[in-house]
Amino acid sequence: MRIAISGHSGCGNSTATTNVGKALQLKIVNYTFRDLARDLSVNFEDLHKEASSNLIYDYLTDLTLIRNAVSNENIVIGTRLAAWLMDAELRIWLHAPLEARASRINRRESEKESSYEQVLYKTLKRDEQNRKRYLRLYGLDIEDHSDFDITINTEKLTADQVSSLIVAAAKW
């Protein structure tokens, strides 16, 4: 079983990917710009800012995902572009309104001392930067989810509920 889980920041991609992988005993891959920044020993915000003019960061991140996808038949990959970068039997888009996502990100990154409004602005700006980059890089509009098998609004669901829905769909 090959499952791709995609969605914007703060939708629960990482958690869902981990939970689904464990429940279905699949290899779990969730390699993002945050991971790349850590591997390169650079600040995430700086990397993301530079990514708008330097495509190498996208290529490095996506190459890691593609390598994993082609070498594993039983895998769940969770990143923004997972559903576009792999041939998956189940393609999931996780959705939540901007405000809910910003609130989650703000809680997750509370040590950075940013206000909710600052996180909301950064999230909106990052969403737009990502959309423009993916259009330029791959001709993909990440706002078009018409080719996904399932879209889940994660705003009012717990992480366990979201994961359970995906597991149920995979078993079905």
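Summary of the structure given here. Predicted model, so just to flag it, every value in this text is computed and none were measured. (Residues numbered from 1 in each chain as written. Predicted model: local features only at pLDDT ≥ 70, side-chain atom pairs only at ≥ 80, totals over all residues. Heavy atoms only, no water.)

## Here's the deal with the sheet that holds strand β4 (residues 90-95)
Consideration 1: Spatially, β2-β3-β1-β4-β5 is the arrangement adopted by the five strands of the open sheet, whose pairing is parallel. In this open sheet, the two strands that pair with only one neighbour each are β2 (27-29) and β5 (150-153). Across the sheet, the mean angle from the axis of one strand to that of its neighbour is 20 degrees, orientation sign disregarded.
Consideration 2: Of the strands in this sheet, β1 (2-7), β2, β3 (75-78) and β4 are in contact with helix α1 (residues 13-24), which crosses β1 at around 165 degrees.
Consideration 3: Against the sheet, helix α8 (residues 159-171) touches β1, β4 and β5, its axis set at about 160 degrees to β4. (Pairing = 2+ DSSP bridges. Helix = DSSP H or I, 4+ residues; strand = E, 2+ residues; numbered from the N terminus. Axes fitted to C-alpha atoms, helices over the stretch in contact; angles between N-to-C directions. Contact = heavy atoms within 4.5 Å.)

## Some remarks on unusual backbone geometry
Across the chain, the bulk of peptide bonds are trans and the bulk of non-glycine residues have phi less than zero.
Consideration 1: In this model, Gln-25 sits at a positive phi of 55 degrees, which is unusual for a non-glycine residue.
Consideration 2: By the element assignment, Gln-25 lies in the loop between α1 and β2.
Consideration 3: On the accessibility criterion, Gln-25 (73% relative accessible area) is exposed. (Buried < 20%, exposed > 50% of the residue type's maximum accessible area, 1.4 Å probe, protein only.)

## Some remarks on the packing of aromatic side chains
Consideration 1: For the structure shown, the criterion picks out three aromatic pairs.
Consideration 2: Ring centres of Trp-84 and Phe-148 lie 5.3 Å apart, and the angle between their planes is 75 degrees; this geometry places the pair in the edge-to-face category. Pair noted here: Trp-84 is in helix α5 (residues 82-85) and Phe-148 is in the loop between α7 (116-138) and β5, with a separation of 64 residues, a long-range link.
Consideration 3: Given the relative accessible area of 9%, Phe-148 is considered buried.
Consideration 4: Taken together, the ring pairs in this structure connect Trp-84, Trp-93 and Phe-148 into an aromatic cluster.
Consideration 5: It is Arg-34 that lies over the ring of Phe-44; its NZ or CZ is 3.9 Å from the centre.
Consideration 6: Lying across the ring of Phe-148, Arg-91 places its NZ or CZ 4.9 Å from the centre. (Phe/Tyr/Trp six-rings, centres within 6.5 Å; stacked < 30°, edge-to-face > 60°. Lys NZ or Arg CZ within 6 Å of the ring centre and 35° of its normal.)

## Observations concerning the nonpolar core
Consideration 1: Core analysis: the largest hydrophobic core is formed by 25 residues, its most contacted members being Ile-77 and Met-86.
Consideration 2: Of all elements in the fold, only α2 (33-40), α3 (44-51), α4 (56-70), β3 and α5 reach the threshold of two or more residues within this core.
Consideration 3: Setting aside anything within four residues of it in sequence, one finds Ile-77 in contact with Ile-3, Ala-4, Ile-5, Thr-17, Val-29, Leu-65, Ala-69, Ala-82 and Met-86. (Core = buried A, V, L, I, M, F, W, Y, C linked by side-chain atoms within 4.5 Å.)

## A look at the packing of α2 against α4
Consideration 1: At a minimum axis separation of 10 Å, α2 and α4 run at an interaxial angle of 105 degrees. On the basis of the axis angle, α2 is roughly perpendicular to α4. Across from Phe-33, Leu-36 and Leu-40 in α2, the residues of α4 making contact are Tyr-57, Asp-58, Leu-60 and Thr-61.
Consideration 2: Here the contact of α2 with α4 is built from residues that sort into five nonpolar, one polar and one charged. (Parallel < 35°, antiparallel > 145°, perpendicular 65-115°, else oblique. Nonpolar A, V, L, I, M, F, W, Y, C, P; charged D, E, K, R; others polar.)

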